[in-house]
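# An overview of the molecular structure
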Amino acid sequence: APRRVAVVGATGAVGREMVEVLHRRSFPVSELRLLASGRSAGKVMETPYGAIALQEFSVDRVKDCDVVLLAVSGDFAKAHAPAIAAAGPLVIDNSSAFRYDADIPLIVPEINAAAFDVSNGGGGRLIANPNCTTAIAVVALGPLHRAFGLKRVIVSTYQATSGAGAEGMAELEEQTRNRLEGRPVTNSVFHHPIPFNLIPHIDAFQENGYTKEEMKVTWETRKILGLPDLPVSCTAVRIPTYRAHSEAITIETIEPVTAEAARRVLADAAGVKLVDDTANAVYPMPLTATGQFDVEVGRVRNNPVFGDHGLDLFVCGDQLLKGAALNAVQIAELDL
Ligand code: 2RA
């Protein structure tokens, strides 16, 4: 049956993408409500559903909805998500506020949809959407784990500026233009100027020398795969691209693995597009992954560092889609 859907944080990059994805996937929407901060209230947003007036968020304005998609900060989600869920709607939160809560499911539908059936006890249904970098990696790691067993994982990421929202993409564009036109280059969203640079610093540094972004990949991969002790080491780097995250992944497997066997598994994996024909220079790239629902996977090869238990691969996924809006809508589809 059609659903009354609310998107909270509708004016941000992820919120806008959520509206686009609901339409692209023909999610059965009977009514779409768009909520934002007070300063956006009253403005009209053009959407595939027509022009919709933005309303200032309140729990009262969404408590009679069937589904509430949150594209807001962790603090905002902490303050309001439980109250919304307790009032009835299925709440899907894109922030990191609840991801590590044992009672809150953290879901990538292609990998652990069964976690959806776990009720949140009396508190209604609140589901956490994973960090974009994690979601894009586990779409490939899940099938490889099922086929060969994961023993350890090493991830190096090349993350797009969209991970820092519309402001991140704007900084890339404006500062690159400044650089090319000989004007001073500044930075406010990122820790350093991003044009023609790489920044190995996403989110705050932890005591152990990793950033919080890198630890999110470890914590969330373990939770989604149900492998609480899986050794995962991530190096997360910001690069000057718009909206697709790329990741070089090395795994050691429990069973012997070959590139051919891995390719067969990945070719059949939900949410994966195998893009692996190096003889013709065909492999995952932001240029081709952007705007696609599927995560591109390629450069699949045996990694002799781990003998016949080693595999390398390269993945590329749209950070606003599989990394955020698409995954959130796919979780909502589990309730149809
Ligand atoms: C980033 N994964 O790329 C983080 C949050 N979206 O900035």
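Residues numbered from 1 in each chain as written. Predicted model: local features only at pLDDT ≥ 70, side-chain atom pairs only at ≥ 80, totals over all residues. Heavy atoms only, no water.

- You'll find the chain entered in an unreviewed UniProt entry as Aspartate-semialdehyde dehydrogenase, with Azospirillum oleiclasticum given as the organism.
- Of the comments in the UniProt record for the chain, the one headed Function (unreviewed entry) reads "Catalyzes the NADPH-dependent formation of L-aspartate-semialdehyde (L-ASA) by the reductive dephosphorylation of L-aspartyl-4-phosphate."
- Among the UniProt annotations of the chain, the heading Subunit (unreviewed entry) holds the following wording: "Homodimer." (UniProt positions renumbered as here; feature names shortened; annotations may be inferred.)

### Comments concerning the site of the ligand
- As a structural note, the neighbourhood of the ligand is formed by Asn131, Cys132, Thr133, Gln159, Gly163, Ala164, Ile202, Glu213, Arg238, His245 and Gln319.
- Taking Asn131, its side chain carries an N or O atom lying 3.3 Å from a nitrogen atom of the ligand.
- Gln159 places a polar side-chain atom, nitrogen or oxygen, 3.0 Å from an oxygen atom of the ligand.
- Across the complex, the protein chains shield 81% of the 230 Å² of accessible surface that the ligand would expose by itself.
- Classifying every residue of the shell around the ligand gives three nonpolar, six polar and two charged. (Near = heavy atom within 4 Å. Polar contact = N/O pair within 3.5 Å; in protein donor to acceptor, adjacent residues only side chain to side chain. Areas by Shrake-Rupley, 256 points an atom, 1.4 Å probe, with all protein chains shown as cover. Nonpolar A, V, L, I, M, F, W, Y, C, P; charged D, E, K, R; others polar.)

### Some remarks on the pairing of strand E9 (residues 232-238)
- Most of E9 sits inside the fold, with five of its seven residues counted as buried.
- Bridge count for strand E8 (residues 150-159) against E9 is seven bridges, and the pairing is parallel. In the sheet register, Ser156 faces E9, and the bridge partner there is Thr235. (Buried < 20%, exposed > 50% of the residue type's maximum accessible area, 1.4 Å probe, protein only. Helix = DSSP H or I, 4+ residues; strand = E, 2+ residues; numbered from the N terminus. Pairing = 2+ DSSP bridges.)

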